[in-house]
Amino acid sequence: MNSSILIELALQARIRAYVPYSHFAVGAALLDDSGKVWFGCNIENAAYSPTNCAERTAIFKAISEGSYNFDSIAIVGGPQDIKRPQVFCPPCGVCRQVLREFVNPQTFRLIFPKNQVLTLDELLPKSFGPQNLHSDPTVLN
Ligand code: THU
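What comes next concerns the included structure. Nothing here was measured: the structure is a model prediction, and the numbers come from that model.

### Here's the deal with the sheet that holds strand β3 (residues 70–79)
Spatial strand order, β2-β1-β3-β4-β5: 5 strands in an open sheet with mixed pairing. This sheet does not close on itself; its edge strands, each paired only once, are β2 (37–41) and β5 (116–119). Going across the sheet, the axis of each strand differs from the next one's by a mean of 20°, ignoring polarity. In terms of strand pairing, strand β4 (residues 109–112) meets β5 through 4 bridges, oriented antiparallel. Looking at β5, one finds that Arg 109 is bridged to Thr 119. Contacting β1 (24–32), β2, β3 and β4, helix α1 (residues 3–14) crosses the sheet at an angle of about 50° to β3. Lying over the sheet, helix α2 (residues 54–64) contacts β1, β2 and β3, oriented at roughly 140° with respect to β2.

The following block contains the structure:
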């Protein structure tokens, strides 16, 4: 699937953002290796901290339904009243770390408007992942 289609799907996902507090709507479209796209939007909460970002909504939906291998994610975000935000909406640190758990940081791509594409490794360098829990602590890396 090409990047501009995935961006369009992220814009579709964004329509469902529940953002009565920030009025900042984010949409994500997560492409898995089977070609299925998982939609996510941010979902805010009156207590604020339970808010879930669009990226985590998408990946948690996928994982909870048995999809574990991912190719890329498109992310679009901006003020709710702007229909097609074109600015770079970087995923928050928590979402980067959640993605890190399930993807290869070297190959997984994050797609943004205006054909901007970054790998997770570029956004979260020297990250801590599952293998760090199992690596030999006496071996220098
Ligand atoms: N938000 C996301 O959905 N994804 C991000 O990566 C950045 C922030 C949401 C959380 C909150 O609902 C709103 O944007 C403002 O921070």
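Having put the structure on the table, let's press on.
### As for helix α3 (residues 93–102)
For α3, every residue scored as buried is listed here: Cys 95, Arg 96, Val 98, Leu 99 and Arg 100. The inward-facing, buried residues of α3 contact α2, β4 and α4 (120–123).

### Structural notes on the packing of α2 against α3
Put simply, α2 and α3 touch, their axes get as near as 9 Å, and they point 25° apart. Relative to α3, the element α2 lies roughly parallel. Two packed elements cross with a definite hand, and for α2 against α3 that hand is left-handed. Between α2 and α3, the contacting residues are Glu 55, Arg 56, Ile 59, Phe 60 and Ile 63 on the first element and Val 94, Cys 95, Val 98, Leu 99 and Phe 102 on the second. Split into classes, the residues belonging to the contact of α2 with α3 amount to 8 nonpolar, no polar and 2 charged.

### Observations concerning the nonpolar core
Residues Leu 30, Ile 59, Phe 70, Ile 73, Phe 108, Leu 110 and Leu 120 are the most contacted members of the largest nonpolar core, which totals 23 residues. Where this core is concerned, the elements lending two or more residues are β1, α2, β3, α3, β4 and α4. The biggest single contributor to this core is α2, with 5 residues. The contact partners of Ile 59, leaving out residues within four places of it in the chain, are Leu 30, Phe 70, Val 98, Leu 99 and Phe 102. Grouped together as the second largest cluster of nonpolar side chains are 10 residues, Leu 6, Ala 29, Val 37 and Val 76 included.

Rules used throughout
- Residues numbered from 1 in each chain as written.
- Predicted model: local features only at pLDDT ≥ 70, side-chain atom pairs only at ≥ 80, totals over all residues.
- Heavy atoms only, no water.
- Pairing = 2+ DSSP bridges.
- Helix = DSSP H or I, 4+ residues; strand = E, 2+ residues; numbered from the N terminus.
- Axes fitted to C-alpha atoms, helices over the stretch in contact; angles between N-to-C directions.
- Contact = heavy atoms within 4.5 Å.
- Buried < 20%, exposed > 50% of the residue type's maximum accessible area, 1.4 Å probe, protein only.
- Parallel < 35°, antiparallel > 145°, perpendicular 65-115°, else oblique.
- Left-handed = near helix turned anticlockwise from the far one by under 90°.
- Nonpolar A, V, L, I, M, F, W, Y, C, P; charged D, E, K, R; others polar.
- Core = buried A, V, L, I, M, F, W, Y, C linked by side-chain atoms within 4.5 Å.

That's the geometry; what it means functionally is another story.
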